[in-house]
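Here is how the chains run, residue by residue.
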Amino acid sequence: MRSRVGLLALAALIATAAGSSDAGRRPWLGAAARRLSVDERVELLVAKMTQPEKVAQLLSAHVDEDTSQILASYSHLGFGVACLPARHSPNDAAHQLEWRNRLQQSIMASSRLGIPVSFRGELLHSGAVAGATVFPMPSLLGAAWNRSLVRAVASASAAEATAGGIDYGFGP
């Protein structure tokens, strides 16, 4: 069940991220895909994937500013997750988001199947972008015995991470 949900999410990402020029070659993308159910799009995509491409969706690649190296290493198979460094060099979330979106476009354009990657960050005590608020470690927050404070810190970290283009993160 869990893998089916993951594949459905992947198909939804693909459908929203792609243009309509791939309708014949990649029927799970673009405007033509809107006429298909999510299950049909998933079936079409998975049927086109080779075994190495399916395995590559389990890979996490640590990315930095040298996107040419990332594309050279992974574009032939794709990969599932791009791990952003805890403090990326762009000086704010807006610059990181622009960089992330350019990388996503390059990855999708160079991928045989046009599969986007997810971007993750380490959110242990911040939003994982330059300029994000740095909060106390989770064990220290827990020692405060204040659930609303912990919830507020997690909410603020999530908002800052989202502003920087992080899809999901590891943290409290």
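These figures come from a predicted structure and were not determined experimentally.

(A) Representation of the environment of Leu-36. Relative to the elements of secondary structure, Leu-36 occurs in the loop between α2 (30-33) and α3 (38-48). Exposure remark for Leu-36: the relative accessible area of 25% places this residue in the partly exposed category. The residues touching Leu-36, leaving out its near neighbours within four places in the chain, are Pro-27, Arg-41 and Leu-44.

(B) Spotlight on the packing of aromatic side chains. On inspection of all chains with the given rule, the structure shows one aromatic pair. Measuring from ring centre to ring centre gives 6.1 Å for Tyr-168 and Phe-170, while their planes differ by 80 degrees; the resulting arrangement is edge-to-face. Residue Phe-170 is classed as partly exposed on the basis of its relative accessible area, which comes to 41%.

(C) α3, seen in detail. Residues of α3 that are buried: Arg-41, Val-42 and Leu-45. For α3, the angular spread of buried residues about the axis comes to 100 degrees, placing them on one side. Projecting away from the buried face of α3 at angles above 90 degrees are the exposed residues Glu-43 and Ala-47.

(D) Examining the nonpolar core more closely. Judged by nonpolar contacts, the single largest core of 18 residues is most densely connected at Val-63, Phe-79 and Ile-166. When residues of this core are assigned to their parent elements, the largest contribution, four residues, is made by helix α6 (residues 93-110). If near-sequence neighbours (up to four positions away) are discounted, Phe-79 is found in contact with Ala-56, Gln-57, Leu-59, Ala-61, Ile-70, Tyr-74, Ile-107 and Val-117.

(E) Local environment of the confidence of the model for the chain. Of the residues in the chain, 81% reach a pLDDT of 70 or more, and the chain-wide mean stands at 80. Predicted confidence is poor over residues 1-20, with pLDDT under 50, and the contacts of this stretch with residues over four places away or in other chains come to 31 contacts.

(F) Highlighting unusual backbone geometry. Of note in this structure, Trp-145 is not a glycine but carries a positive phi near 55 degrees. Within the fold, Trp-145 resides in the loop between α7 (138-143) and α8 (147-163).

(G) Quick peek at the sheet that holds strand β1 (residues 60-62). The four strands are arranged β1-β2-β3-β4 in an open sheet whose pairing can be described as parallel. Each end of this open sheet is capped by a strand with a single partner; those strands are β1 and β4 (168-170). Averaged over neighbouring strand pairs, the angle between their axes works out to 30 degrees when direction is ignored. Of the strand pairs in this sheet, β1 and strand β2 (residues 81-83) are connected by three bridges, and their pairing is parallel. Across the sheet, residue Ser-60 finds its bridge partner in β2, namely Val-81.

Calculation criteria
Residues numbered from 1 in each chain as written. Predicted model: local features only at pLDDT ≥ 70, side-chain atom pairs only at ≥ 80, totals over all residues. Heavy atoms only, no water. Helix = DSSP H or I, 4+ residues; strand = E, 2+ residues; numbered from the N terminus. Buried < 20%, exposed > 50% of the residue type's maximum accessible area, 1.4 Å probe, protein only. Contact = heavy atoms within 4.5 Å. Phe/Tyr/Trp six-rings, centres within 6.5 Å; stacked < 30°, edge-to-face > 60°. Arc of directions from axis to C-beta. Core = buried A, V, L, I, M, F, W, Y, C linked by side-chain atoms within 4.5 Å. pLDDT = per-residue confidence, 0-100. Pairing = 2+ DSSP bridges. Axes fitted to C-alpha atoms, helices over the stretch in contact; angles between N-to-C directions.

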